[in-house]
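Topology and contacts: notes
Here is what each chain is made of, one letter per residue.
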Amino acid sequence: MVSPGMSQQPVIDTLRLLVLHDSQDEAELLLNTLRKAGRATRAELARNEESLVGLLKGNEWDALLMRPSVTGCPTAKVVAHARKLGQDIPVLVLADSNDSAAILEGLKAGARDVVPRNETERLLLVLDREMGALATRREKIRLETDLRESERRSELLMDAAQDAVAYVTDGMHVEANAAYLELFGYGDSDELAGVPIMD
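Summary of the structure given here. (Residues numbered from 1 in each chain as written. Predicted model: local features only at pLDDT ≥ 70, side-chain atom pairs only at ≥ 80, totals over all residues. Heavy atoms only, no water.)

**Some remarks on the environment of Leu-64**
Checked against the element boundaries, Leu-64 lands in strand S3 (residues 63-66). For the pair Leu-64 and Gly-86, spaced 22 residues apart in sequence, the C-alpha to C-alpha distance is 14 Å. Once residues within four sequence positions are removed from consideration, Leu-64 is found in contact with Leu-17, Leu-18, Leu-20, Leu-52, Leu-56, Val-78, Ile-89, Pro-90, Val-91 and Leu-92. (Helix = DSSP H or I, 4+ residues; strand = E, 2+ residues; numbered from the N terminus. Contact = heavy atoms within 4.5 Å.)

**Considerations on unusual backbone geometry**
Located in the positive-phi region is Asp-170, a residue other than glycine, with phi close to 55°. Among the secondary structure elements, Asp-170 is positioned in the loop between strand S6 (166-169) and strand S7 (172-176).

**Examining the sheet that holds S3**
Read across the open sheet, the five strands follow the order S2-S1-S3-S4-S5; overall the sheet is parallel. Each edge of the open sheet carries a strand with a single partner, namely strand S2 (41-46) and strand S5 (113-116). Averaged over neighbouring strand pairs, the angle between their axes works out to 25° when direction is ignored. Sheet analysis places strand S1 (residues 15-20) next to S3, joined by four bridges and oriented parallel. Paired with Leu-18 across the two strands is Leu-64, which belongs to S3. On the sheet, helix H2 (residues 49-58) packs against S1, S2 and S3 and is oriented at approximately 140° with respect to S2. (Pairing = 2+ DSSP bridges. Axes fitted to C-alpha atoms, helices over the stretch in contact; angles between N-to-C directions.)

**Some details on the nonpolar core**
Core analysis: the largest hydrophobic core is formed by 21 residues, its most contacted members being Leu-18, Leu-20, Leu-52, Leu-64, Met-66 and Val-78. Within the second largest apolar cluster, 18 residues are counted, among which are Val-19, Leu-31, Leu-94 and Val-115. (Core = buried A, V, L, I, M, F, W, Y, C linked by side-chain atoms within 4.5 Å. Buried < 20%, exposed > 50% of the residue type's maximum accessible area, 1.4 Å probe, protein only.)

**Looking at the side chain of Thr-75**
Structurally, Thr-75 is set in helix H3 (residues 75-84). If we skip the residues at most four places from it in the chain, Thr-75 touches Met-66, Val-93, Gly-106, Ala-109 and Ala-111.

**Brief notes about a nonpolar patch on the surface**
Taken together, the side chains of Val-168, Ile-197 and Met-198 define a hydrophobic patch exposed on the protein surface, amounting to about 310 Å² of accessible area. Among the secondary structure elements, Met-198 is positioned in the segment after helix H7 (189-192). (Patch = residues over 30% accessible without salt bridge, like charges linked within 9 Å, V, L, I, M, F, W, Y side chains within 5 Å. Areas by Shrake-Rupley, 256 points an atom, 1.4 Å probe, with all protein chains shown as cover. Salt bridge = Lys/Arg side-chain N within 4 Å of Asp/Glu carboxyl O.)

**Quick look at the pattern of salt bridges**
Tallying each qualifying case throughout the model produces 18 salt bridges. The salt bridge partner of Lys-140 is Glu-144, with a shortest N-O separation of 2.8 Å. Here Lys-140 and its partner Glu-144 are both found in helix H5 (residues 120-160), four residues apart, which amounts to about one turn of the helix. Residue Arg-152 is joined to Glu-149 by a salt bridge in which the shortest nitrogen-to-oxygen separation is 2.7 Å. Residue Arg-152 and its partner Glu-149 are located together in helix H5, separated by three residues, close to a single helical turn. The class for Arg-152 is partly exposed, based on a relative accessible area of 42%.

**Considering a negative patch on the surface**
Together, Glu-151, Glu-155, Asp-159, Glu-175, Asp-188, Asp-190 and Glu-191 give the surface a local cluster of negative charge. Put simply, the parts of the chain that give the negative patch at least two residues each are H5 and H7. For the negative patch, the leading source of residues is H5, giving three residues. Mapped onto the elements, Glu-151 comes out in helix H5. (Lys, Arg positive; Asp, Glu negative; His and termini not counted. Charge placed at Lys NZ, Arg CZ, Asp CG, Glu CD.)

**A word on the packing of aromatic side chains**
This structure, assessed with the given rule, holds one aromatic pair. Geometrically, the ring pair formed by Tyr-180 and Phe-184 is tilted, given 4.8 Å between the ring centres and 45° between the ring planes. With Tyr-180 and Phe-184 both in helix H6 (residues 178-184), this residue pair falls four residues apart, about one helical turn. A residue is classified by how much of its surface remains accessible, and Phe-184, at 49% relative accessible area, is partly exposed. (Phe/Tyr/Trp six-rings, centres within 6.5 Å; stacked < 30°, edge-to-face > 60°.)

**Some words on the environment of Ile-12**
Note that Ile-12 resides in the segment before S1. Judged by relative accessible area, which is 24%, Ile-12 ranks as partly exposed. The residues contacting Ile-12, other than those within four sequence positions of it, are Asp-62, Met-131, Leu-134, Ala-135 and Arg-138.

Okay, here's the thing in structure tokens:
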């Protein structure tokens, strides 16, 4: 079933943001900037690896902003923690400068992007892009789940039907219930799969 809003790009109304930062003041300033720019944001601050892992375990997040200067928790380790805990969360690194070597290092470590911490407008664009991509991935998962459920219900209905029922596409048998197989003398649906309906 197609929902009314499917044709539009999915959006995330309130950004659930996890911030790994070594300065609470800078982190608060960053969050205030996001809110002033019109991004509704709920955020939690992690100051070290232990608090990061605890917050990743306890909640679902939309994005993770991190400073590479946080001791003992480099980008690769942050990305690894998120993946291990099953979090589909874009990791964005707030770098000190626009140095190409630092950007390359962050991207190689698994970050979705590396943004200089003083380039707020660029960060907003990157966040918007990543939130659009995340919402699309979540919508895809939801639709795949709906499809599997529809297929399961269809199979149950076919199996429960007393009448002979077959599913045919492009003139070829795909699936059939026991009554249909018995009617046409097939042992199982695998024998019938791919047989033209005209036969």
